[in-house]
Amino acid sequence: MVGGAVRDALLGLPVQDHDWVVVGATPDELTALGYLPVGKDFPVFLHPQTREEYALARTERNTARGYRGFAIHAAPDVTLEEDLARRDLTINSIAAPARSKRAGARFEADLEALIDPHGGQRDIRDKVLRHVTDAFREDPVRILRLARFAARFADFTVAPETMALMREMVAHGEVDALVAERVWQELARGLMEDTPSRMFAVLRDCGALQHLLPEVEKLWGVPQRPEYHPEVDTGVHLMMVLDMSAQLQTSLAVRFACLGHDLGKGTTAVELLPKHIGHEERSVRLLKGLCTRLRVPTECRELAEVVAREHGNIHRSAGFGAAALVRLLERCDALRKPQRFDEILLACECDARGRLGLENAAYPQRQRLAQALQAAQSVVTASIAEAAQAAGLSGPKIGDMIHAARVQALQAWIDGTAAQADTVPSA
């Protein structure tokens, strides 16, 4: 048993997937035993009953600049030590030999007889992320992987020699050759870790963030609005927002929206400071470019664009009247996509609470807007459309009547809420 399964077992964490490496075998031998071949680029097989992965021991050699492909050598003469040496981090290069198994069952790993040629156990004990060999430089995706592990294991530090190697790789342009799909894949996984800010801290420290996400890098050094803590700049605020999104256990779409909502503040343009006037439109424009470049999935892109455009209005919505509330709901497409609207509100809550002293503060806008949506949904649009058609109206005029009915419903809800508040006895 190799890789993350051994690492997590040693850390006392739940082991999700068991990965095995097979030494001294051929593809034909595994196939004859009923294992199912699934690997396209190298020999990987699924156990006929457990469906766990079994890979033949292999070595790799980069054949082009950046992550463009590797020459794979998998043969019976490849040793376990050679296979472990090609791995990224020492904590992932520990193997546990298999004990005998019951017929058709999973192999059992002997965690008392570990094979650890690169000091992975020591680095787990010392909480250090360290590259295995200089072959780390052959795959720039490993910079992103290490940053992702830093987000997962927030109390681990990066070994100085590993950070120096990553900086050298960045300086030589290795990260510029990364394909968009791999960048997004690792970025998405890092966003879903417990402390996503650590991923960005590592990428900034080695210089990779400037190449991969320059829109995000530019947020550091930009002061927040005067009413917030001036010592916490916009980049630091963004990291607090991301960690709040993890604390609230939000979806990937919400976390990506948190990442992109303030991109427009990444400028020292006089017209935007100190109030950041107009940053929403700039954020949407920069976000669209980022999404195109990284081929971000539609669900994440669409949610992020609405949050970038409307988060300021949502924060200020406590003072909105009925007509303004209906327009906000319509711009957010809340009536057609109520579940997405709830995620929009959740991203805005992360933004509001991602500030010093407000981490545990209430965000009443979320509940108020959810109730406003319910009031707007109470309007029976089919009846209005039917009555309008009977009167000879069609098209935009029907839409105007529905809009007016929703404004009226929201006004009734506002009046009812105010009347209810007046009846509550004071303390």
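This text gives an overview of the structure that appears in the document.

Procedures and definitions
Residues numbered from 1 in each chain as written. Predicted model: local features only at pLDDT ≥ 70, side-chain atom pairs only at ≥ 80, totals over all residues. Heavy atoms only, no water. Helix = DSSP H or I, 4+ residues; strand = E, 2+ residues; numbered from the N terminus. Buried < 20%, exposed > 50% of the residue type's maximum accessible area, 1.4 Å probe, protein only. Contact = heavy atoms within 4.5 Å. Salt bridge = Lys/Arg side-chain N within 4 Å of Asp/Glu carboxyl O. Phe/Tyr/Trp six-rings, centres within 6.5 Å; stacked < 30°, edge-to-face > 60°. Axes fitted to C-alpha atoms, helices over the stretch in contact; angles between N-to-C directions. Parallel < 35°, antiparallel > 145°, perpendicular 65-115°, else oblique. Left-handed = near helix turned anticlockwise from the far one by under 90°. Nonpolar A, V, L, I, M, F, W, Y, C, P; charged D, E, K, R; others polar. Expected span 1.5 Å × (residues − 1). Polar contact = N/O pair within 3.5 Å; in protein donor to acceptor, adjacent residues only side chain to side chain. Arc of directions from axis to C-beta. Pairing = 2+ DSSP bridges.

**With respect to the side chain of Arg353**
So, step 1. Relative to the helices and strands, Arg353 resides in helix 16 (residues 338-353).
So, step 2. Assessed through its relative accessible area of 12%, Arg353 is described here as buried.
So, step 3. In contact with Arg353, other than residues within four places in its own chain, are Met244, Gln247, Leu248, Leu358, Glu359, Asn360 and Ala361.

**Describing the pattern of salt bridges**
So, step 1. Going through the model one piece at a time under the given rule, you end up with 28 salt bridges.
So, step 2. As a salt-bridge pair, Glu302 and Lys337 come within 4.0 Å of each other at their nearest N and O atoms. Residue Glu302 is found in helix 14 (residues 298-315), and its partner Lys337 is found in the loop between helix 15 (322-331) and helix 16; the two are separated by 35 residues along the sequence.
So, step 3. For Lys337, a relative accessible area of 29% translates into the label partly exposed.
So, step 4. The partner of Arg340 in a salt bridge is Glu302, and the shortest N-O contact between them spans 3.9 Å. One end of the pair, Arg340, is in helix 16; the other, Glu302, is in helix 14, with 38 residues separating them in the sequence.
So, step 5. The exposure class of Glu302 is partly exposed, given its relative accessible area of 32%.

**Focus on the packing of aromatic side chains**
So, step 1. Throughout the structure, instances matching the rule amount to five aromatic pairs.
So, step 2. Ring centres of Trp20 and Tyr54 lie 5.9 Å apart, and the angle between their planes is 10°; on these two criteria the pair is classed as stacked. Placement of the pair is Trp20 in strand 1 (residues 19-22) and Tyr54 in strand 4 (residues 53-56), with a sequence separation of 34 residues. Here the two residues Trp20 and Tyr54 agree in accessibility, since each one is buried.
So, step 3. Judged by centre distance (5.4 Å) and plane angle (85°), the rings of Trp184 and Phe256 are edge-to-face. Of the two residues, Trp184 is situated in helix 7 (residues 180-191) and Phe256 in helix 12 (residues 252-260); the sequence distance between them amounts to 72 residues. The pair formed by Trp184 and Phe256 is uniform in burial state, with each residue classed as buried.
So, step 4. An aromatic cluster of three or more residues is present, and its members are Trp20, Tyr35 and Tyr54.

**Some remarks on the packing of helix 12 against helix 16**
So, step 1. Running from N to C, helix 12 and helix 16 cross one another at 45°; their axes reach a closest spacing of 9 Å. What the angle tells us is that helix 12 and helix 16 run oblique. The two elements helix 12 and helix 16 cross, and the hand of that crossing is right-handed. The segment helix 12 lies against helix 16, with Ala253, Val254, Ala257 and Cys258 engaging Glu343, Leu346, Ala347 and Cys350.
So, step 2. Counted by class, the contact of helix 12 with helix 16 contains seven nonpolar, no polar and one charged residues.

**Things to note about helix 11 (residues 234-247)**
So, step 1. Between its first and last C-alpha atoms helix 11 spans 20 Å; for 14 residues at 1.5 Å apiece the expected length is 20 Å, and the two agree.
So, step 2. Counting buried positions along helix 11 gives 11 out of 14 residues, so the element sits mostly inside the fold.
So, step 3. For helix 11, every residue scored as buried is listed here: Thr234, Gly235, His237, Leu238, Met239, Met240, Val241, Leu242, Met244, Ser245 and Ala246.
So, step 4. Those residues of helix 11 that are buried are in contact with helix 7, helix 8 (196-206), helix 10 (214-217), helix 12 and helix 16.
So, step 5. Where helix 11 begins, the side chain of Asp233 points an oxygen toward the backbone nitrogen of Gly235, at a separation of 3.1 Å.
So, step 6. Phi turns positive one or two residues past the end of helix 11, at Gln249, with a value near 55°.

**Some remarks on helix 13 (residues 279-294)**
So, step 1. In a regular helix each residue adds 1.5 Å, so 16 residues correspond to 22 Å; helix 13 covers 22 Å between its end C-alpha atoms and thus fits that length.
So, step 2. Buried within helix 13 we find His279, Glu280, Ser283, Val284, Leu287, Leu290, Cys291 and Leu294. One face of helix 13 carries all of its buried residues, which in axial projection span an arc of 135°. Opposite the buried face of helix 13, by more than 90 degrees, sit the exposed residues Glu281, Arg285 and Thr292.

**Topic: the environment of Ala171**
So, step 1. With respect to the element layout, Ala171 can be found in helix 6 (residues 160-171).
So, step 2. With a relative accessible area of 64%, Ala171 lands in the exposed category.
So, step 3. The sequence separation of Ala171 and Gly207 amounts to 36 residues, and the corresponding C-alpha distance is 8.1 Å.

**Points about the sheet that holds strand 1**
So, step 1. In spatial order, the strands read 1-4-3-2; together these four strands make up an open sheet with mixed pairing. Taken across any chain shown, the strands that pair with only one partner, and hence form the sheet edges, are strand 1 and strand 2 (36-37).

**Considering the pairing of strand 4**
So, step 1. For strand 1 and strand 4, the ladder comprises four bridges, and the chain directions are parallel. When the sheet's bridge partners are listed, Val21 is paired in strand 4 with Ala55.
So, step 2. Note: strand 3 (residues 44-46) against strand 4, three bridges, orientation antiparallel. Residue pairing for strand 4: Leu46 is matched across the bridge by Glu53.
So, step 3. Between the end of strand 3 and the start of strand 4, which pair antiparallel, lie six residues, with Arg51 showing a positive phi angle near 65°.

By themselves, these are just geometric observations and shouldn't be taken as functional.
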